[in-house]
Amino acid sequence: MDDPFEDILNLEEQFYQDGYKQGQEDGVKAGRSEGRSLGLEKGFQKFIESGRLYGRAIVWANRLPGASSKPAAATEDTNDGQEKQQHGEQELTLPPLPKNPRLEKHITTLYALVEADTLSTENTDEAVNDFDDRVKRAQGKAKIIERMVGEVTVKKVQAGAGGKPDEV
């Protein structure tokens, strides 16, 4: 004989199973879109850092002694320079770096580590680990170069009351 109250007693288990199935279906849908958004955000942040280091490497390389700091078009057209002087504009240049073979080697290595053509954009574990390793090594080289040339980079960190400058 079947117990007439058995369905009522198993009602909690039935609701639990229904809720579990619904939660799993919703999680699969939301997980894909959230995972993609997070992946794009993290990838963008990594490439921003890579691009920042690449730009600094180019600037440092152009400041090395013997590096041509003026493009060919600027040396051919002297009328531009005369116009700038007439309008009171000045050409701003950075001072050259000291001649130091170690410094040149560090700058060359930094450039090689973050050169965009050699960085992989594949979404495999090996490619991501290689990218992260190269950016980490490039950050270390940038710190070494900063210390050698006497530059200090200050980044404001939003911490607590007012934010405190922190060396990057």
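Residues numbered from 1 in each chain as written. Predicted model: local features only at pLDDT ≥ 70, side-chain atom pairs only at ≥ 80, totals over all residues. Heavy atoms only, no water.

Caption draft 1: Geometry of the environment of Val 128. Relative to the helices and strands, Val 128 is located in helix H6 (residues 125-149). Overall, Val 128 belongs to the partly exposed group, its relative accessible area being 27%. Contacts of Val 128, omitting those with residues within four sequence positions, involve Lys 46, Glu 122 and Asn 123. (Helix = DSSP H or I, 4+ residues; strand = E, 2+ residues; numbered from the N terminus. Buried < 20%, exposed > 50% of the residue type's maximum accessible area, 1.4 Å probe, protein only. Contact = heavy atoms within 4.5 Å.)

Caption draft 2: Focus on the pattern of salt bridges. The full count for this structure, using the stated rule, is six salt bridges. A salt bridge links Arg 52 to Glu 49, with the shortest nitrogen-to-oxygen separation between them at 2.8 Å. Here Arg 52 pairs with Glu 49, and both are found in helix H2 (residues 11-63), just three residues apart, close to one helical turn. On the basis of relative accessibility, which here comes to 17%, the residue Glu 49 falls in the buried class. Arg 63 is paired through a salt bridge with Glu 151; the nearest N and O atoms lie 2.8 Å apart. You can see Arg 63 sitting in helix H2 and its partner Glu 151 sitting in the loop between H6 and strand S1 (154-157), a full 88 residues away along the chain. Given the relative accessible area of 13%, Arg 63 is considered buried. A network of salt bridges, in which partner residues are shared, links Arg 56, Arg 63, Glu 146 and Glu 151. (Salt bridge = Lys/Arg side-chain N within 4 Å of Asp/Glu carboxyl O.)

Caption draft 3: Local environment of the packing of H2 against H6. Viewed as axis vectors pointing N to C, H2 and H6 meet at an angle of 40°, and their least axial separation amounts to 10 Å. What the angle tells us is that H2 and H6 run oblique. H6 is crossed by H2, and the crossing has left-handed handedness. Here Lys 46, Phe 47, Glu 49, Ser 50, Leu 53, Arg 56 and Trp 60 of H2 come into contact with H6, specifically with Val 128, Phe 131, Asp 132, Val 135, Ala 138, Gln 139, Ala 142, Ile 145, Glu 146 and Val 149. Classifying every residue of the contact of H2 with H6 gives ten nonpolar, two polar and five charged. (Axes fitted to C-alpha atoms, helices over the stretch in contact; angles between N-to-C directions. Parallel < 35°, antiparallel > 145°, perpendicular 65-115°, else oblique. Left-handed = near helix turned anticlockwise from the far one by under 90°. Nonpolar A, V, L, I, M, F, W, Y, C, P; charged D, E, K, R; others polar.)

Caption draft 4: Molecular detail of the UniProt feature "domain: Essential protein Yae1 N-terminal" (unreviewed entry) in the protein. Per the UniProt record, the feature "domain: Essential protein Yae1 N-terminal" (unreviewed entry) sits at residues 19-57. Regarding residues 19-57, the helix share stands at 100% and the strand share at 0%, and the terminal C-alpha atoms are separated by 55 Å. (UniProt positions renumbered as here; feature names shortened; annotations may be inferred.)

Caption draft 5: A look at the packing of helix H5 (residues 101-114) against H6. In contact at an axis separation of 9 Å, H5 and H6 are set at 150° when each is read in the N-to-C sense. Of the possible angle classes, the one that applies to H5 and H6 is roughly antiparallel. The element H5 and its partner H6 pack so that their crossing is left-handed. For the pair formed by H5 and H6, the contact residues are Arg 102, Leu 103, His 106, Ile 107, Thr 109, Leu 110, Ala 112, Leu 113 and Val 114 on the first element and Arg 134, Arg 137, Ala 138, Lys 141, Ala 142, Ile 144, Ile 145, Met 148 and Val 149 on the second. Residue composition of the contact of H5 with H6, grouped by class: twelve nonpolar, two polar and four charged.

Caption draft 6: Inspection of a nonpolar patch on the surface at higher detail. On the surface, Phe 5, Ile 8 and Leu 9 cluster together into a nonpolar patch covering about 370 Å² of accessible area. Here Phe 5 lies in the segment before helix H1 (6-9). The exposure class assigned to Phe 5 is exposed, which follows from its relative accessible area of 53%. (Patch = residues over 30% accessible without salt bridge, like charges linked within 9 Å, V, L, I, M, F, W, Y side chains within 5 Å. Areas by Shrake-Rupley, 256 points an atom, 1.4 Å probe, with all protein chains shown as cover.)

Caption draft 7: Quick peek at H2. If you check H2, its first and last C-alpha atoms are 76 Å apart, about what 53 residues at 1.5 Å a residue would give, namely 78 Å. Among all positions of H2, only Glu 49, Ser 50, Leu 53, Arg 56, Ala 57, Trp 60 and Arg 63 are buried. Of the surrounding secondary structure, the elements contacted by the buried residues of H2 are H5 and H6. (Expected span 1.5 Å × (residues − 1).)

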